[in-house]
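# A closer look at the structure
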Amino acid sequence: MRSVIEIIGKNIKLARVKKEWSQAELAHNLNVEQSYISRVETGSIAISCEKVYEIMVLLNCEANDIFPSVSEIKK
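This write-up is about the structure you can find in this document. Because the structure is a prediction, the values reported are computed rather than measured. (Residues numbered from 1 in each chain as written. Predicted model: local features only at pLDDT ≥ 70, side-chain atom pairs only at ≥ 80, totals over all residues. Heavy atoms only, no water.)

## Section: the nonpolar core
The nonpolar side chains of a soluble globular protein tend to be buried with one another. One finds Ile12, Leu26, Ile47, Ile55, Leu59 and Ile66 to be the most contacted residues of the largest nonpolar core, which totals 17 residues. Secondary structure elements with two or more residues in this core: α1 (4-18), α2 (23-30), α3 (34-42) and α4 (49-59). Top contributing element to this core by residue count: α4, with 4 residues. With residues near it in sequence (within four places) discarded, Leu59 still touches Ile12, Ala15, Arg16, Lys19, Trp21 and Leu26. (Core = buried A, V, L, I, M, F, W, Y, C linked by side-chain atoms within 4.5 Å. Buried < 20%, exposed > 50% of the residue type's maximum accessible area, 1.4 Å probe, protein only. Helix = DSSP H or I, 4+ residues; strand = E, 2+ residues; numbered from the N terminus. Contact = heavy atoms within 4.5 Å.)

## Thoughts on the packing of α2 against α4
Relative orientation of the contacting elements α2 and α4 amounts to 115°, with a least axis distance of 11 Å. For the pair α2 and α4, the crossing hand works out as right-handed. Facing α2, whose interface residues are Leu26, Asn29 and Leu30, α4 presents Lys51, Glu54, Ile55, Leu58 and Leu59. A class-by-class count of the residues in the contact of α2 with α4 yields 5 nonpolar, 1 polar and 2 charged. (Axes fitted to C-alpha atoms, helices over the stretch in contact; angles between N-to-C directions. Left-handed = near helix turned anticlockwise from the far one by under 90°. Nonpolar A, V, L, I, M, F, W, Y, C, P; charged D, E, K, R; others polar.)

## Considerations on unusual backbone geometry
Most of the time, phi is negative for any residue but glycine, and the peptide bond is trans. Even without being glycine, Asn31 reaches a positive phi, approximately 60°. Mapped onto the elements, Asn31 comes out in the loop between α2 and α3. Asn31 gets classed as exposed once you look at its relative accessible area, which sits at 71%. Unusually for a residue other than glycine, Asn60 sits at a positive phi of about 55°. Structurally, the position occupied by Asn60 is in the loop between α4 and α5 (63-66). With a relative accessible area of 67%, Asn60 lands in the exposed category.

## What about the state of the cysteines?
Enumeration over the complete set of coordinates arrives at 0 disulfides. Distance from the sulfur of Cys49, which forms no disulfide, to the nearest cysteine sulfur (Cys61) is 14 Å. (Disulfide = S-S within 2.5 Å.)

In structure tokens, the structure reads:
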């Protein structure tokens, strides 16, 4: 079973790639290091709600694009 943190990270990566942004571009716009984005996308670290919101605004996506459904977690 994948953790919520891993699924959120994967979904952030999918949204970033869909927008055709590199990790470096997203990091620059969030004022964080590129390595932070990498760790978030791999599920190595948790991300704050504030940063998730900033990413949603930057990448023009919705909460359901980032957060997994309950059924996805139960799998």
